[in-house]
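Here is what each chain is made of, one letter per residue.
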Amino acid sequence: MINTAVTELLQEYPSLIHRLESEHFDLDREKRSLLNRIELFNSELELEIAFDSSLRNEQMRKAQRVISQKASKEYQQLTDALETLESRISRSLLLIQCRRREFSVLKLDRQLEIAKIRL
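Definitions and limits used
Residues numbered from 1 in each chain as written. Predicted model: local features only at pLDDT ≥ 70, side-chain atom pairs only at ≥ 80, totals over all residues. Heavy atoms only, no water. Helix = DSSP H or I, 4+ residues; strand = E, 2+ residues; numbered from the N terminus. Rg over C-alpha atoms; globule rule 2.2 N^0.38 Å. Phe/Tyr/Trp six-rings, centres within 6.5 Å; stacked < 30°, edge-to-face > 60°. Buried < 20%, exposed > 50% of the residue type's maximum accessible area, 1.4 Å probe, protein only. Axes fitted to C-alpha atoms, helices over the stretch in contact; angles between N-to-C directions. Parallel < 35°, antiparallel > 145°, perpendicular 65-115°, else oblique. Left-handed = near helix turned anticlockwise from the far one by under 90°. Nonpolar A, V, L, I, M, F, W, Y, C, P; charged D, E, K, R; others polar. Core = buried A, V, L, I, M, F, W, Y, C linked by side-chain atoms within 4.5 Å. Expected span 1.5 Å × (residues − 1). Contact = heavy atoms within 4.5 Å. Polar contact = N/O pair within 3.5 Å; in protein donor to acceptor, adjacent residues only side chain to side chain. Bend = angle between axes of the 7 residues up to and from the residue.

It is worth spelling out the overall build of the protein chain at this point. Check the secondary structure of the protein chain and you find three helices and zero strands. For the protein chain, the sequential pattern of α-helices and β-strands runs α-α-α. Since a compact globule built from 119 residues should have a radius of gyration of about 14 Å, the 25 Å found for the protein chain marks it as more spread out than a globular shape. In terms of principal-axis extent, the alpha carbons of the protein chain reach across some 85 × 20 × 15 Å.

Written as structure tokens, this is what we have:
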């Protein structure tokens, strides 16, 4: 006899996986937005540095860039948020892969049950 619990799980897994993939997509979109904000911050900083006549060479400009980034609370918040988000994205992807594997195992179990019934 075919296990009805397995049948129910098989019916639920595709929607569960779809929901997890949607959440992953949202996290990825949030990451792109955060990267754009960091890029904008760096562009504004580059303009500031480019027009600073006291910075006479590239070494001085690089040093000023690092100092300004470290001193900026906004930049630190953006990079901290990016790090946290990248961690969440990695966990999300691992969860999706885990659920896909579980779904595959359930399908194989179901096929095995059907094969046993036919024999």
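Glancing now at the packing of aromatic side chains. Tallying each qualifying case throughout the model produces two aromatic pairs. For the ring pair Tyr13 and Phe103, a centre distance of 5.9 Å and an interplane angle of 15° mean the geometry is stacked. A residue pair is termed long-range when its members are at least 10 positions apart, and Tyr13 in helix α1 (residues 4–50) and Phe103 in helix α3 (residues 73–118) qualify at 90 residues. Grouping residues by exposure puts Tyr13 and Phe103 together as buried.

Okay, the packing of α1 against α3 next. Across the interface, α1 lies against α3 with an axial gap of 9 Å and an inter-helix angle of 160°. On the basis of their axis angle, the class for α1 and α3 is roughly antiparallel. Considering only the axes of α1 and α3, their crossing is left-handed. In terms of residue class, the contact of α1 with α3 is made up of 24 nonpolar, five polar and 14 charged.

Moving on, we get to the nonpolar core. If you look at the biggest cluster of nonpolar residues, it comprises 12 residues: Leu27, Leu34, Ile38, Phe41, Leu45, Ile49, Leu55, Tyr75, Leu78, Leu82, Leu85 and Ile89. Among the elements of the structure, α1 and α3 are those that each provide at least two residues to this core. Top element by residues in this core is α1. It accounts for six residues.

For α3, with 46 residues, the first-to-last C-alpha span of 67 Å sits near the 68 Å given by 1.5 Å per residue. Where α3 is concerned, the buried positions are Tyr75, Leu78, Leu82, Leu85, Ile89, Ser92, Ile96, Phe103, Leu106 and Glu113. Where α3 is buried, its residues meet α1 and α2 (58–71). Two or three places before Glu74, at the opening of α3, Ser72 has a side-chain oxygen 3.4 Å from that residue's backbone nitrogen.

The end-to-end C-alpha distance of α1 is 69 Å, a good match for the 69 Å that 47 residues give at a rise of 1.5 Å each. Of all the bends in α1, the greatest reaches close to 30° and is centred on Glu12; the proline Pro14 follows between one and four positions later. Looking at α1, one finds that the buried residues are Val6, Leu10, Tyr13, Ile17, Leu20, His24, Leu27, Leu34, Ile38, Phe41, Leu45 and Ile49.

Right, let's talk about the packing of α1 against α2 for a bit. As a packed pair, α1 and α2 sit with axes 10 Å apart at the nearest point and diverge in direction by 135°. Classified by the angle their axes make, α1 and α2 are oblique. α1 and α2 meet at a crossing whose hand is right-handed. From α1, Phe41, Asn42, Leu45, Glu46 and Ile49 reach across to α2, where they touch Arg61, Gln64, Arg65, Ser68 and Gln69. Taken together, the residues that form the contact of α1 with α2 break down as three nonpolar, four polar and three charged.

Everything listed here is a matter of coordinates, which is why it stays silent on function.
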